[in-house]
Amino acid sequence: MFLPGWFMWGVLLTLCMSACGLEISGYDSDEVICSQGLSECSMMDEILSLPENNVVNVQNLTASIKLCSKSNESCTLCLVIDTELHVHSDNDVEDEGHSGFEEEDDSEERRNPKASVTVCYKTAPSLPTCKKVEFTVNHAALTQQNRAKMSMVIAKLPGVSFSSKVSVYSSKLLVREEVVAPSLDEVCSQELKKCVEECRVPEIRPVIHEEKNYVELWFDGKNDSLPSVCIQYERNGTCQTWNRVIIPLYSVTHCMCLMAWYDQQYVRSLSCPFKDTDLSRRNTWQNVSVSVGQGQMNNNGTMLWWNLSAPCRLEGEVWLCQKHNSCSEIKGFRQQLSLGTWRQNSKGLWAKIGVFEDVNLNLSPCVMVKIEGMGHELGPFCIDNTPAALRWRWSLLIAGVMLLVCLTALIFCLIHDFVKKWVWSWHHGGFVKIGRKGHVVLLSPPDVDDGVSESVCRLGSMLCNHGFNVSVDQWSRKEQCTLGPLLWLYSQLPELNSQGKRVVVVLTHKAMERTEEWTHQHKEAIKMKGEDKALPQICSPYSDVFTAILCLIQAEKQLGRAGERFILVKFDSHPSSDRNLPELLQGLPLFKLPSQTQALLTELSVGRTGRRSGRKTWTEWKWGDTAGWRTKSKQRPDKEKASMCKYPGVDKNLETTPLKHP
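Residues numbered from 1 in each chain as written. Predicted model: local features only at pLDDT ≥ 70, side-chain atom pairs only at ≥ 80, totals over all residues. Heavy atoms only, no water.

## As for a nonpolar patch on the surface
Piece 1. Taken together, the side chains of Trp394, Leu397, Ile398, Val401, Met402 and Val405 define a hydrophobic patch exposed on the protein surface, amounting to about 620 Å² of accessible area.
Piece 2. Mapped onto the elements of the fold, valine 401 is located in helix H6 (residues 388–414). (Patch = residues over 30% accessible without salt bridge, like charges linked within 9 Å, V, L, I, M, F, W, Y side chains within 5 Å. Areas by Shrake-Rupley, 256 points an atom, 1.4 Å probe, with all protein chains shown as cover. Salt bridge = Lys/Arg side-chain N within 4 Å of Asp/Glu carboxyl O. Helix = DSSP H or I, 4+ residues; strand = E, 2+ residues; numbered from the N terminus.)

## What to know about the state of the cysteines
Piece 1. Taken as a whole and assessed by the stated rule, the structure comprises 8 disulfides.
Piece 2. Each sulfur of the disulfide joining cysteine 120 and cysteine 130 lies 2.1 Å from the other. Negative torsions about the S-S bond denote left-handed disulfides, and the value of about 100° found for cysteine 120 with cysteine 130 makes this one right-handed. Of this pair, cysteine 120 sits in strand S6 (residues 114–123) while cysteine 130 sits in strand S7 (residues 129–137); the two residues are 10 residues apart in sequence, bridging distant segments of the chain. When sorted by exposure, cysteine 120 lands in the same class as cysteine 130, which is buried. (Disulfide = S-S within 2.5 Å. Buried < 20%, exposed > 50% of the residue type's maximum accessible area, 1.4 Å probe, protein only.)

## Some remarks on the sheet that holds strand S9 (residues 165–170)
Piece 1. Spatial strand order, S3-S7-S6-S9-S10: 5 strands in an open sheet with antiparallel pairing. Looking at which strands have only one partner, the edges of the open sheet turn out to be strand S3 (38–46) and strand S10 (176–180). Strand-to-strand twist across the sheet, computed as the mean angle between neighbouring axes with direction ignored, equals 20°.
Piece 2. Summarising the sheet, S6 and S9 pair through 5 bridges and their orientation is antiparallel. Across the sheet, the residue bridging to tyrosine 121 is valine 168, located in S9. (Pairing = 2+ DSSP bridges. Axes fitted to C-alpha atoms, helices over the stretch in contact; angles between N-to-C directions.)

## Section: the packing of aromatic side chains
Piece 1. Summed over the entire model, instances satisfying the criterion amount to 1 aromatic pair.
Piece 2. An angle of 80° between the planes, with centres 6.1 Å apart, marks the rings of phenylalanine 333 and phenylalanine 356 as edge-to-face. In this pair, phenylalanine 333 sits in strand S21 (residues 327–336) while phenylalanine 356 sits in strand S23 (residues 350–357), placing the two residues 23 residues apart along the sequence.
Piece 3. On the accessibility criterion, phenylalanine 356 (2% relative accessible area) is buried.
Piece 4. Across from the ring centre of tryptophan 350, 4.6 Å away, lies the NZ or CZ of arginine 313, which sits over that ring. (Phe/Tyr/Trp six-rings, centres within 6.5 Å; stacked < 30°, edge-to-face > 60°. Lys NZ or Arg CZ within 6 Å of the ring centre and 35° of its normal.)

## With respect to the sheet that holds strand S12 (residues 214–220)
Piece 1. Pairing is antiparallel across the open sheet formed by 3 strands, whose spatial order is S11-S12-S15. Edge positions in the open sheet fall to strand S11 (203–209) and strand S15 (246–248), since each of these has one partner strand only. Strand-to-strand, the axes of this sheet are offset by a mean angle of 30°, without reference to chain direction.
Piece 2. In this sheet, S12 lies alongside S11 in antiparallel orientation, the contact comprising 7 bridges. Residue pairing across strands places proline 206 opposite leucine 217, the latter belonging to S12.

## Some points on the pattern of salt bridges
Piece 1. Per the counting criterion, the structure on display carries 11 salt bridges.
Piece 2. For the salt bridge of glutamate 234 with arginine 313, the shortest nitrogen-to-oxygen distance reads 3.5 Å. With glutamate 234 in the loop between strand S13 (228–233) and strand S14 (240–242) and arginine 313 in the loop between strand S19 (302–310) and strand S20 (316–323), this pair connects stretches of sequence that are 79 residues apart.
Piece 3. You can call arginine 313 partly exposed: its relative accessible area is 32%.
Piece 4. Here arginine 502 ties to glutamate 603 by a salt bridge, and the two come within 2.8 Å at their closest N and O atoms. Residue arginine 502 is located in strand S29 (residues 502–506), and its partner glutamate 603 is located in helix H14 (residues 597–605); the two are separated by 101 residues in the primary sequence.

## Examining the nonpolar core
Piece 1. In terms of nonpolar packing, the biggest core is built from 44 residues, with Leu79, Phe135 and Val168 touching the most fellow members.
Piece 2. Residue contributions to this core peak at 6 residues, all from strand S4 (residues 56–68).
Piece 3. Among residues more than four places away in sequence, those in contact with phenylalanine 135 are Leu38, Ser39, Glu40, Cys41, Val56, Leu85, Pro113, Lys114, Ala115, Ser116 and Val117.
Piece 4. Grouped together as the second largest cluster of nonpolar side chains are 40 residues, Trp306, Ile330, Val359 and Val369 included. (Core = buried A, V, L, I, M, F, W, Y, C linked by side-chain atoms within 4.5 Å. Contact = heavy atoms within 4.5 Å.)

## Some points on the environment of valine 505
Piece 1. Mapped onto the fold, valine 505 is located in strand S29.
Piece 2. Counting along the chain gives 61 residues from valine 505 to serine 444, while the straight-line C-alpha distance between them is 6.4 Å.
Piece 3. Those residues in contact with valine 505 that sit more than four places away from it in its chain are Leu443, Phe546, Ile549, Ile567, Leu568 and Val569.

## Side note on the confidence of the model for the protein chain
Piece 1. When the pLDDT values of the protein chain are averaged, the result is 76; 72% of them are 70 or greater.
Piece 2. Ranking the elements of the protein chain by mean pLDDT puts helix H15 (residues 639–642) last with 31 and S15 first with 94.
Piece 3. Counted against residues more than four places away or in other chains, residues 97–105, with its pLDDT under 50, gives 3 contacts.
Piece 4. Considering only residues more than four positions removed or in separate chains, one finds that residues 428–435, a stretch of pLDDT under 50, has 20 contacts. (pLDDT = per-residue confidence, 0-100.)

Put into structure tokens, the structure is as follows:
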């Protein structure tokens with residue numbers, strides 16, 4: 001629209017924009033301002049830049065980007081375009097009109113023609129956007145001959161953001177200008193940041209709880225979610241991420257700064273709230289560390305270097321002193337901490353390194369430090385005067401001891417099982433031979449059912465897999481049918497004697513009943529023999545292998561060595577009676593399988609060594625003595641005694657060779 005005096009207002013607005021830099025315009029929608037001589041101005045979107053009439057031409061164009069808002073609560077970027085127009089004179093318009101319409105009357109439209117100006121703008125990745133301004137030209141009202149001005153405010157800029165480069169040009173491409181939008185840092189550093197949404201950052205308010213030894217972080221902001229926080233020492237230090245709202249009190253120093261921001265937001269708030277507190281300075285001083293060392297200079301002189309690290313960069317002095325009862329200063333060696341470069345190390349501490357050149361190490365030099373504001377001096381810090389050769393010897397000694405300890409532990413781990421077997425054998429009557437696995441005879445109970453038979457076979461297979469030569473009565477049924485159970489058992493005895501191995505007897509409820517029955521019959525026979533009565537005609541005690549082995553156990557018990565020959569086994573899956581073992585079996589090793597399988601293997605793997613003198617072998621025994629076994633001799637056993645233990649078809653002097661199971 002057109003109002004008197006707007007031209008001057010537009011000129012002043014343009015001057016203010018160029019002089020004042022970034023400021024807030026009072027517009028939040030598209031507006032156009034025309035100077036005197038241009039009326040009925042209206043602005044609209046133009047899709048294409050079409051050719052315009054020649055009533056006016058754009059001679060100059062100035063563009064700038066401002067913040068547009070009618071209130072200070074919210075503002076956005078807007079584009080302000082100031083144009084200078086050249087208006088053709090009435091004669092030019094009249095001549096052009098007569099050239100095309102000779103009969104046209106001198107009308108109002110000829111005196112005040114309609115005109116339009118199209119201005120476009122674009123950013124690099126987007127298509128151009130055009131605005132067309134239509135107006136009426138009043139030649140008589142122009143303040144300057146053939147001159148007019150127009151200002152356009154474009155409030156909505158799709159595709160334009162902070163730091164964007166915008167190209168502005170007229171439709172005829174006669175005038176072109178580029179303008180850069182202000183950066184977000186520039187906007188947020190001014191007072192204008194209050195109305196820019198992207199500049200809103202959380203404000204940190206720390207609360208110190210000295211009695212609890214921590215600092216609690218409170219945040220003031222319009223966002224309900226907790227912001228992201230990082231901690232840096234000094235404003236140019238590395239900012240380390242901190243994901244808690246509590247900071248330990250001992251880590252608070254006077255140079256600690258806190259940076260906070262909302263996720264996916266570029267602008268961050270930075271505050272250093274502990275700068276002027278006594279607590280923060282004490283914490284800084286308490287975390288100062290100094291180290292010293294010696295080195296060689298290029299001219300073969302000696303130097304002493306020092307390294308001071310602290311949470312913050314400090315001011316103070318460092319000097320050399322000679323240590324006696326006290327450390328007296330060596331003149332000419334004093335350096336300032338404020339000079340030189342401080343660097344932040346990987347731990348986040350600020351460190352500075354200095355060097356004292358041409359130092360006489362014979363004076364036992366040390367380093368003293370004085371921090372500005374600190375009430376006392378730090379030091380002395382002295383170099384290690386221990387000779388390198390002595391340190392090397394101590395290092396070798398420590399390394400040797402550690403190597404010896406490691407080797408001892410490794411050897412112990414390797415021979416652990418071997419040592420366990422020797423200890424076990426020592427507790428069971430003396431040292432034994434380890435590692436020799438020989439023959440084992442595995443005998444089934446008299447009441448063999450499918451479950452017991454399967455368990456016996458599994459036990460035999462397991463012993464075979466562990467390297468034992470196993471004879472199982474169930475695997476030798478063919479030999480037992482051919483030779484008889486007694487002769488088959490007798491064929492296994494020489495091998496047992498030669499290799500010093502054991503007989504494993506499987507116990508069940510029926511086996512213990514049979515043992516008690518056999519023991520009772522045996523005692524009755526001995527009693528009748530003592531009373532010189534005729535022995536009853538009973539069935540042979542060797543009618544099966546189990547009964548025969550009971551005779552052998554009885555004979556060995558009388559000699560006190562049954563525990564060296566026989567082992568009893570019970571299967572947990574086939575429980576026998578919980579009553580005590582029969583008297584005949586008491587004192588023999590008993591193992592419950594599978595819970596004591598490893599103990600059984602250990603027992604079978606141990607071959608006892610001892611005195612061989614007076615020890616009877618299996619082949620020395622003669623069959624037929626109910627009171628016990630006698631050694632081989634020329635005397636024949638008493639016929640009456642032999643009738644009780646006689647087995648048909650077996651010669652008592654028969655020598656056999658061991659039979660292997662298939």
